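Residue-level structure breakdown
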Amino acid sequence: MSKYVLKRVLLMIPILIGVAIMIFTLMFFVPGDPAEIILGNAATEAQVIAVREQLGLNQPYIVRLGSFLKELFFHGSFGNSYIYGTDVGTELMSRFPKTLALAAFSILLSTVIGIPLGIRAATHANRAEDRVSMFISMVGVSMPNFWLALMLVLLFSLKLGWLPSSGAKGWQYYILPVLANALGGIAGIARLTRSSMLEVIRADYVTTARAKGVPEHSVIYKHALPNALIPIITICGGRFGGQLGGTMVIETVFSIPGIGAYLINSINNRDYNAVQGSVLYIAFTFGVVMLLVDLIYAYVDPRIKAQYEGQSKKRVKKVKGVGAGA
Amino acid sequence: MPDTAVKMSKGAKRGGQRPPKKLARTGSALYVWQRICQNPLALAGVIAICVMIILSILSPFFLKYDYSTIDMTSACATPSAEHLFGCDELGRDILARILYGARYTLSVGFLSVAISATLGIALGAAAGYFGGIVDQIVMRFLDIMAAFPQLLLAIAISAVLGTGFDKCIYALGISGIPHFARMMRANILTIRGQEFVEAATSINCSKLRIILRHVIPNAIAPLIVEVSMSIAGAGLAASSLSFIGLGVQPPAPEWGAMLASARNYIRLYPHMIMFPGLFIMISVLSFNLIGDAIRDALDPKLKD
């Protein structure tokens, strides 16, 4: 098992470097001169040349890429914002908790509601209850989250006045964003749980459990559910990672100062160093979350565990076999 | 089991004399179509999309108002007999704008998925069929692309390309490639090792014939589901992009862009945000329902 973990962690390194190179290259092709963006319209030719020199913008692509990678991986620096001159890394760090909270609570709510709904739909498969809940969840999957957010604001903030419509000054500010963000997740996870459960319920070991007289409740929750949950872990993890990058639209609707809002703001300001930094930051976090999910998956799924543990055992067997033959 | 239920009730009405309608060969296009027709929700989806396309094309001919005519006297007018969905902040008829805007959302959905499916299938097929070094290069590159959440990748690409209808299509198209490529590769790998390929080889089929007649048709069928679901996803992503100011730009009546400008009037004129969002939802829902029905038709495991 530790071999698997090590392998996965080591495989992560070239991907992170690749991600950094790709984003740098993308941003390299952005039209417009950073020096002019930094100085604004009123700059003289001499000033622009001076700033270009100072930032090393005159150097060829390879040299700039090299120094960018060195800064990123050895000093953990994302560079400075073109517009505000502040360190992008510090800015992202201070904003990260808000995005994380939003993503974590959304995914928590999605699983807590989505999985039981899916189980119920699966155990009542093809009855009216199942059909209605699956249709509703399909509507939920299809609803744009920013529109739902606006509708929630309309109802709970403007009409009823129960909850604040923007900002992030306390827990009550997170209720609407989390709701808007989680609905798609609830619906998606419910659908997935249902299909995963349906597949498992038809498996032989479930029939066996029923045949030997295990109560239905225990068949569902002890025999079927743990196996059905395995693929759901991946999806939940993927959604969580996706949420870290995908909350940006919700963050703009509710003016939550998270990473997504920073990214969009930076794009509008043509602050490409900040764009590069935030995209990298989100991609790195996403990568790490996906790695963790894979590790959890391997831990939960005995088949993957067996693959790695089996190797050493097989070798022993072979040696024994040879010995017996001789 | 909706299909048998429908069949049985039809049969029962006619005194049980008529045998159930014969279905085409499993997996064929005709069979998928027959299954969609038996699923009322999917059929509703197909009809909704067709109606939307037709109305969007014909709307300039039968609507009283043009989508771009500004009329400040009816600015922010609430829904009435004159303006069914009301008017926006510049007095433009929202119904006309929504019907015209369907062109943007639907074409972004279709075209971007066409890009990602074509390139993704080609890349995945190459990686799966040739294996070795080609596979390594393609897969490592896709690993890097898959390290981004799809919307983030689309946003990063549109930050570079700039905004606009065509650029929105490229951004969404490129960001969807890894998904298709990975699926295609996995399909090719499973099919390459199956008996019918071996059988084809053993009766001396040419390599080209094996690829074109045996491998590709079998590898592509499962991707049809993905195409339908991806169109739904791309429509949703396109409206998100336009909503945050990337993608299609405001004077154009793209639904997400309409929502973005209507947002400022949410307090006084909620009708302005109600309708564009409703139409995004209906179109995305339709594609999802169609995709679901195709999946049921193609995947015998999920059939009851």
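Residues numbered from 1 in each chain as written. Chains lettered and ligands numbered in written order. Predicted model: local features only at pLDDT ≥ 70, side-chain atom pairs only at ≥ 80, totals over all residues.

Under the convention used in this document: UniProt positions are given in the numbering used here, feature names are shortened, and annotations may be inferred rather than shown by experiment.
Going by what an unreviewed UniProt entry lists, chain A is known as ABC transporter permease and is assigned to Anaerofilum hominis. The UniProt entry for chain A carries the following text under Subcellular location (unreviewed entry): "Cell membrane". Annotation of chain A in UniProt includes, under Sequence similarities (unreviewed entry), the sentence "Belongs to the binding-protein-dependent transport system permease family."

1. Looking at the overall build of chain A
This is how it is decided: Counting from the N terminus, the helices are the DSSP runs of H or I reaching at least four residues and the strands are the DSSP runs of E reaching at least two. As a rule, residues whose C-beta atom has 12 or fewer other C-beta atoms within 10 Å are exposed, those with 20 or more are buried, and those in between are partly exposed; C-beta atoms are placed from the backbone. We call two residues in contact when the distance between their C-beta atoms, placed using the backbone, is within 7 Å.
The helix and strand inventory of chain A stands at 14 helices and 0 strands. Mapped from its N terminus to its C terminus, chain A presents α and β elements in the order α-α-α-α-α-α-α-α-α-α-α-α-α-α. Based on the C-alpha atoms only, the size of chain A along its principal axes is roughly 85 × 80 × 30 Å. Across the 326 residues in chain A, those meeting the buried criterion constitute 38%. Considering only residue pairs separated by 6 or more positions, chain A has 73% of its internal contacts joining residues 24 or more positions apart.

2. What to know about the overall build of chain B
Looking only at helices and strands, one finds 12 helices and 0 strands in chain B. Secondary structure of chain B in N-to-C order comes out as α-α-α-α-α-α-α-α-α-α-α-α. For chain B, with 304 residues in total, the buried portion stands at 43%.

3. Concerning the interface of chain B and chain A
So the rule is basically this: Residue classes follow a fixed rule: Ala, Val, Leu, Ile, Met, Phe, Trp, Tyr, Cys and Pro count as nonpolar, while Asp, Glu, Lys and Arg count as charged, and any other residue, Gly among them, counts as polar.
Counting from both sides, the interface comprises 36 residues of chain B and, opposite them, 41 residues of chain A. Every element with two or more residues in the side of chain B that touches chain A is listed here: helix 5 (132-145), helix 6 (150-161), helix 10 (207-243) and helix 12 (271-298) of chain B. Broken down by element, the residue count for the side of chain B that touches chain A peaks at 8 residues, all from helix 12 of chain B. Its residues placed into classes, the side of chain B that touches chain A shows 26 nonpolar, 5 polar and 5 charged.

4. Focus on the packing of helix 4 (residues 94-130) of chain B against helix 12 of chain B
Residues and elements named next belong to chain B. So the rule is basically this: As a rule, the C-alpha atoms of each element are fitted with a line to give its axis, helices using only the stretch in contact, and angles between N-to-C directions run from 0 to 180 degrees. Crossings are sorted by hand: turned counterclockwise from the far helix by less than a right angle, the near helix makes the crossing left-handed, and turned clockwise it makes it right-handed.
Helix 12 packs onto helix 4 with a crossing angle of 35 degrees between their chain directions and a minimal axis gap of 11 Å. The handedness of the crossing between helix 4 and helix 12 comes out as right-handed. In this structure, helix 4 contributes I94, I98, T105 and L106 to the contact, and helix 12 contributes M272, F275, P276, F279, I280 and S283. Its residues assigned to classes, the contact of helix 4 with helix 12 shows 8 nonpolar, 2 polar and no charged.

5. Quick word on the confidence of the model for chain B
All names here are of chain B. Stated precisely, the cut-off is as follows: pLDDT gives the predictor's per-residue confidence on a scale running from 0 to 100.
Per-residue confidence for chain B gives a mean pLDDT of 79, with 88% of residues at or over 70. Element-level mean pLDDT values for chain B span from 44 in helix 1 (residues 2-13) up to 88 in helix 7 (residues 165-175). When the criterion is pLDDT under 50, residues 1-16 qualifies, and its contacts beyond four places in sequence or with other chains add up to 11 contacts. Among the prediction metrics, the complex's ipTM stands at 0.78, with pTM recorded as 0.80.

6. Focus: helix 1 (residues 2-28) of chain A
Using the following cut-off: Multiply 1.5 Å by the residue count of a helix minus one, and that product is the helix's expected span.
Along its 27 residues, helix 1 of chain A runs 39 Å from first to last C-alpha, staying within 8% of the 39 Å computed at 1.5 Å per residue. Buried residues of helix 1 of chain A: V19, A20, M22, I23 and M27 of chain A, and no others. Tucked inside the fold, the buried residues of helix 1 of chain A contact helix 4 (61-75) and helix 13 (272-300) of chain A together with helix 5 and helix 6 of chain B.

7. Some details on helix 7 of chain B
Inspection of helix 7 of chain B places C168, I169, A171, L172, G173 and S175 of chain B among the buried residues, and these make up the whole buried set. For helix 7 of chain B, the secondary structure elements touched by its buried residues are helix 4, helix 6 and helix 10 of chain B.

8. So, the UniProt feature "transmembrane region" (unreviewed entry) in chain A
In the numbering used here, UniProt assigns the "transmembrane region" (unreviewed entry) feature to residues 9-30, 100-122, 134-158, 170-192 and 279-300 of chain A. For residues 170-192 of chain A, the end-to-end C-alpha separation is 33 Å, with 78% helix and 0% strand making up the annotated structure.

9. Things to note about the environment of A35 of chain A
Residues and elements named next belong to chain A. With respect to the secondary-structure elements, A35 resides in helix 2 (residues 34-39). What makes A35 buried here is the crowd of 20 C-beta atoms within 10 Å. Aside from chain neighbours lying at most four places away, what touches A35 is V48, V51, R52, L55 and L57.

10. Quick look at the nonpolar core
Threshold: In this usage, the nonpolar core is the set of buried Ala, Val, Leu, Ile, Met, Phe, Trp, Tyr and Cys residues whose C-beta atoms join them within 7 Å.
Of all hydrophobic cores here, the largest spans 159 residues; its most connected members are A149, V279 and A283 of chain A together with L152, A154 and L172 of chain B. In this structure, V279 of chain A is in contact with I23 and L263 of chain A together with L152 and A156 of chain B, ignoring residues within four places of it in sequence.

11. Looking at the environment of A114 of chain B
Residue and element names in this part refer to chain B. With respect to the secondary-structure elements, A114 resides in helix 4. Under the C-beta neighbour-count criterion, A114 is labelled partly exposed, with 15 such atoms within 10 Å. For the pair A114 and N218, spaced 104 residues apart in the sequence, the C-alpha separation amounts to 19 Å.

12. Let's talk about the confidence of the model for chain A
Atom-level detail of predicted coordinates should not be read off regions where pLDDT is low. For chain A, per-residue confidence averages 79 on the pLDDT scale, and residues scoring 70 or more make up 91% of the total. Low confidence marks residues 313-326 of chain A, where pLDDT is under 50. Its contacts with residues over four positions away, or in another chain, come to 0 contacts.

13. Considerations on the packing of helix 6 (residues 128-142) of chain A against helix 12 of chain B
Put simply, the rule is: Small angles under 35 degrees read as roughly parallel and large ones over 145 as roughly antiparallel, with 65 to 115 read as roughly perpendicular and the rest as oblique.
Viewed as axis vectors pointing N to C, helix 6 of chain A and helix 12 of chain B meet at an angle of 125 degrees, and their least axial separation amounts to 8 Å. One element, helix 6 of chain A, and the other, helix 12 of chain B, form an angle in the oblique class. Every pair of crossing elements has a handedness; the one defined by helix 6 of chain A and helix 12 of chain B is right-handed. Residue-level contacts link M138, V139, V141 and S142 of chain A of helix 6 of chain A to M281, V284, L285, N288 and L289 of chain B of helix 12 of chain B.

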